[in-house]
Amino acid sequence: MTNTSIDAEVPTTRAVAPATWGDPFPLGLASFGISALVLATVMSGIVDAAALPAVLPLALALGFATELVAGLVHFRRGETFPALVFTAYAGFWLSYALLVQFYGPMVTAGGAAITGMFLLAWAVFTTYMLLAALRTNTTTIVIFVLLAGVFYLAAFGSFLGSAALGRTAGFLLILDALVALYASAAIIVNTTWDRTVLPVP
């Protein structure tokens, strides 16, 4: 008696993983937009500054973790620009949360100066990412123009001790977050409807 009939029922190949990954760009934009919008309500003074610690869980879970996932998938897809955008700003959210919750309170002198340098460094990074974004589309350019403005205003607000500059940065960040959320919505809605429902300039 042979095992021919048994062998015929045994799979000879394993399931192959999909060759392509889904587009993580709307995920990264949503992660940034939601985190930035909530933070901006505190920065602008719409919500009392005492509520800032409540922003940190969102910054860690969405701003850091989810943006990091989006960025890594972009790297896997060979898309360097969005990969760098999301992984780098994931680092921003993590470092911001650590600074606010743990290390900032330890600073007994020069706190405003080092916070200003922290923000200025991110302003510089955002500026050269803006230069790269000039080869993308209008919506992405607007996101980076607004974000660069946020970082520069917040940085100099910290250096100069100007609450007005900080609040202005907060209102600018609200606008930036809304643009990012619109772009995220447009990508996912247009994809699922398989046609342009929400245009992306």
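Scroll up a little and you will see the structure.
1. Structural notes on the overall build of the protein chain
Step number 1: Looking only at helices and strands, the protein chain has seven helices and zero strands in total.
Step number 2: Sorting the 201 residues of the protein chain into buried and exposed places 37% on the buried side.
Step number 3: As presented, the protein chain carries roughly 11,200 Å² of accessible surface, and 71% of it is formed by carbon and sulfur atoms.

2. Remarks on the nonpolar core
For soluble globular proteins, the rule of thumb is that nonpolar side chains tend to be buried together.
Step number 1: Of all hydrophobic cores here, the largest spans 43 residues; its most connected members are Tyr89, Phe92, Phe151 and Leu173.
Step number 2: At the level of secondary structure, the elements contributing two or more residues to this core comprise helix H2 (25–43), helix H3 (56–76), helix H4 (80–103), helix H5 (111–133), helix H6 (138–160) and helix H7 (163–193).
Step number 3: Residues in contact with Phe151, not counting those within four places in the same chain, are Tyr89, Phe92, Leu119, Trp122, Ala123 and Thr126.

3. Focus: the layout of surface pockets
Step number 1: Of the volumes computed, that of the largest pocket is approximately 760 Å³.
Step number 2: If you go around the largest pocket, you meet 33 residues; those closest to its centre are Met43, Tyr96, Thr115, Leu119 and Ala154.
Step number 3: Where the lining of the largest pocket is concerned, the elements lending two or more residues are H2, H4, H5, H6 and H7.
Step number 4: A breakdown of the residues in the lining of the largest pocket according to their chemical character gives 23 nonpolar, nine polar and one charged.

4. Some points on unusual backbone geometry
Step number 1: If you check the backbone angles, Asp194 has positive phi at about 60 degrees while not being a glycine.
Step number 2: Mapped onto the secondary structure, Asp194 falls in the segment after H7.
Step number 3: Residue classification places Asp194 among the exposed positions, given a relative accessible area of 69%.

5. Some details on the side chain of Glu67
Step number 1: As for its placement among the helices and strands, Glu67 is situated in helix H3.
Step number 2: Look at Glu67: it is buried, it has no salt bridge, and the nearest opposite charge is Arg77 at 16 Å.

6. With respect to H5
Step number 1: Between its first and last C-alpha atoms H5 spans 33 Å; for 23 residues at 1.5 Å apiece the expected length is 33 Å, and the two agree.
Step number 2: The complete set of buried residues in H5 reads Gly116, Phe118, Leu119, Trp122, Ala123, Phe125, Thr126, Met129, Leu130 and Ala133.

7. Observations concerning the packing of aromatic side chains
Step number 1: On inspection of all chains with the given rule, the structure shows 14 aromatic pairs.
Step number 2: Members of the aromatic cluster, each reached through a chain of ring pairs, are Tyr89, Phe92, Trp93, Tyr96, Phe118, Trp122, Phe125, Tyr128 and Phe151.

8. Notes on a nonpolar patch on the surface
Step number 1: A grouping of Ile114, Met117, Val124, Tyr128, Leu131, Leu134, Tyr152, Phe156, Phe159 and Leu160 is seen on the molecular surface, where their side chains present a nonpolar patch of about 990 Å² in accessible area.
Step number 2: When contributions to the nonpolar patch are tallied by element, the ones reaching two or more residues are H5 and H6.
Step number 3: When residues in the nonpolar patch are grouped by element, the largest group, five residues, is from H5.
Step number 4: Checked against the element boundaries, Leu131 lands in helix H5.
Step number 5: The class of Leu131 is exposed, set by a relative accessible area of 56%.

9. Remarks on empty space enclosed by the protein
Step number 1: Using the criterion set out here, one finds one cavity of 30 Å³ or more in the structure.
Step number 2: Taken as a whole, the largest cavity holds about 140 Å³ of empty space.
Step number 3: Those elements that provide at least two residues to the lining of the largest cavity are H2, H4 and H6.
Step number 4: For the lining of the largest cavity, the per-class residue count stands at 10 nonpolar, one polar and one charged.

Cut-offs and rules
Residues numbered from 1 in each chain as written. Predicted model: local features only at pLDDT ≥ 70, side-chain atom pairs only at ≥ 80, totals over all residues. Heavy atoms only, no water. Helix = DSSP H or I, 4+ residues; strand = E, 2+ residues; numbered from the N terminus. Buried < 20%, exposed > 50% of the residue type's maximum accessible area, 1.4 Å probe, protein only. Areas by Shrake-Rupley, 256 points an atom, 1.4 Å probe, with all protein chains shown as cover. Core = buried A, V, L, I, M, F, W, Y, C linked by side-chain atoms within 4.5 Å. Contact = heavy atoms within 4.5 Å. 1 Å grid on protein atoms, 1.4 Å probe; cavity = no way out; pocket = protein on both sides within 12 Å on 5 of 7 lines; lining within 4 Å. Points joined across faces, edges and corners; volume = space filled by probe spheres on them. Nonpolar A, V, L, I, M, F, W, Y, C, P; charged D, E, K, R; others polar. Lys, Arg positive; Asp, Glu negative; His and termini not counted. Salt bridge = Lys/Arg side-chain N within 4 Å of Asp/Glu carboxyl O. Expected span 1.5 Å × (residues − 1). Phe/Tyr/Trp six-rings, centres within 6.5 Å; stacked < 30°, edge-to-face > 60°. Patch = residues over 30% accessible without salt bridge, like charges linked within 9 Å, V, L, I, M, F, W, Y side chains within 5 Å.

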